[in-house]
Amino acid sequence: MILILTYICSLAFFHFFGKAIKKKPAVLYGICILLSLVSIFYPREGGLPFLDFFFKKIMQRGVLAGSLFILVMQAPVLSKSFFGRKTIYLLRGEMAICASLITLAHNLAFGGKYFGALFLGHGHISLMELHAAIVSCLMILLLIPLTITSFQTVRRKMQAKSWKKLQNWSYLFYLLLYLHIFFIYQGALIRGKGEYFFTLMLYSFIFGFYGFLRIRQYRVQKETREK
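So, here is what we can say about the structure in this document.

The rules behind each value
- Residues numbered from 1 in each chain as written.
- Predicted model: local features only at pLDDT ≥ 70, side-chain atom pairs only at ≥ 80, totals over all residues.
- Heavy atoms only, no water.
- Phe/Tyr/Trp six-rings, centres within 6.5 Å; stacked < 30°, edge-to-face > 60°.
- Helix = DSSP H or I, 4+ residues; strand = E, 2+ residues; numbered from the N terminus.
- Buried < 20%, exposed > 50% of the residue type's maximum accessible area, 1.4 Å probe, protein only.
- Lys NZ or Arg CZ within 6 Å of the ring centre and 35° of its normal.
- Core = buried A, V, L, I, M, F, W, Y, C linked by side-chain atoms within 4.5 Å.
- Contact = heavy atoms within 4.5 Å.
- Expected span 1.5 Å × (residues − 1).
- Salt bridge = Lys/Arg side-chain N within 4 Å of Asp/Glu carboxyl O.

A closer look at the packing of aromatic side chains
Under the definition given, this model contains 15 aromatic pairs. Judged by centre distance (5.1 Å) and plane angle (35°), the ring pair of F13 and F17 falls under tilted. An angle of 5° between the planes, with centres 5.7 Å apart, marks the rings of F205 and F209 as stacked. Here F205 pairs with F209, and both are found in helix α11 (residues 197–226), just four residues apart, close to one helical turn. Residue F209 is classed as partly exposed on the basis of its relative accessible area, which comes to 42%. Through a chain of ring-to-ring contacts, the aromatic side chains of F69, F173, Y174 and Y210 assemble into a single cluster. The lysine or arginine in question, R155, covers the ring of W163, its NZ or CZ lying 3.7 Å from the ring centre.

In C-alpha cells:
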C-alpha cells in the first residue's frame, strides 16, 4: 500500500507543479538533495510519527525513488487514455534525476553495512543481502552516466543518436532494480516476515507487466518498419 500511495502522490505532485518544475528544475533537485541528507542523518528514535513514516518508510527504504523510476519506466508503454501520461512524458527527465539523487542517498543510508561486508569483509550478511549489494553496485555504475545525461544542459551537447544509445542502458537498469528489490524482499520472507509477500508480488506484477508491454510494443514497431 505504501508503494501505491507514493506512486499516486508522486504523479499528483508532478501533475500540479509541472510548469514550475520545468521552469526551475534546480529548485526541485535542491529539495531532493536536502530531503536525502535529512534521511541519511534522521534519528532512529524520537521523531514525530509523520516524519518517521516519510523518512524511514518512504525515503530510506527507497520507495519514493522506486515509484519515480516506475513512472519513468512506464512512460513509453502507457495508454494514451492514461490520466498522467502527458505529465510523465513531459517531466520524465526531471523525475529520473530526482529518483537518482534519492537513490544515491538510499545507498548511503543503507549501504554501509552491506558494502562493508561485500568489499571489506566486515560483518555478516545473508546470501540474499549479498546478491542485493552486488546488484546495487551495478545499478550505481549505470545510474551515474544515465543521470548526468538526463540534465538538459548535457543532453543538448550530445548527438541524438548517441544520447538514445546510452539511454537504452536504462532497460538493464530496470532489470537490476527489480532484482535488487526481489533479493531484499525475498531475504525478508526467508526470515519469516510474511507481510512483505504482497509488496514483492506487487513489484513483480508492475515490472513483469511492463516487460510484456515493452516487448509487444517493440514487435509492433518492428513489423511496422518492415512493411
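What follows picks up the thread again.
Re the nonpolar core
Formed by 54 residues in total, the largest nonpolar core has its most connected members in F14, L68, I70, F173 and F207. Those elements that place two or more of their residues in this core are α1 (2–16), α3 (25–41), α4 (49–59), α5 (63–74), α6 (85–120), α7 (127–148), α10 (170–190) and α11. A total of nine residues in this core trace back to one element, the largest contributor, which is α5. Those residues within four positions of F207 in sequence are excluded, and the remaining contacts are I70, M73, Y174, L177, Y178 and I181.

A word on the side chain of Q74
Turning to its location among the elements, Q74 is positioned in helix α5. Residue Q74 is classed as buried on the basis of its relative accessible area, which comes to 14%. Once you skip the residues sitting within four places of it in the chain, Q74 turns out to touch Y7, I206 and Y210.

Brief notes about α10
Residues spaced three or four apart along an α-helix point in a common direction, a consequence of the helix completing one turn every 3.6 residues. Spanning 21 residues, α10 covers 30 Å between terminal C-alpha atoms, matching the ideal 30 Å at 1.5 Å per step. Within α10, the full set of buried residues consists of S170, F173, Y174, L176, L177, Y178, H180, I181, F183, Y185, G187 and A188. Remark: G192 follows α10 within two positions and exhibits a positive phi of approximately 95°.

A word on the pattern of salt bridges
Two side chains with opposite charge may pair up if their charged atoms get near one another. All chains considered together, the criterion is met by three salt bridges. Between K22 and E94 there is a salt bridge whose closest N-O contact spans 3.2 Å. With K22 in helix α2 (residues 18–23) and E94 in helix α6, this pair connects stretches of sequence that are 72 residues apart. Relative accessible area serves as the criterion here: at 7%, E94 is assigned to the buried category. Across the salt bridge formed by K56 and D52, the nearest N and O atoms sit 4.0 Å from each other. Of this pair, K56 and D52 both sit in helix α4, four residues apart, which is roughly one turn of that helix. On the accessibility criterion, K56 (22% relative accessible area) is partly exposed.

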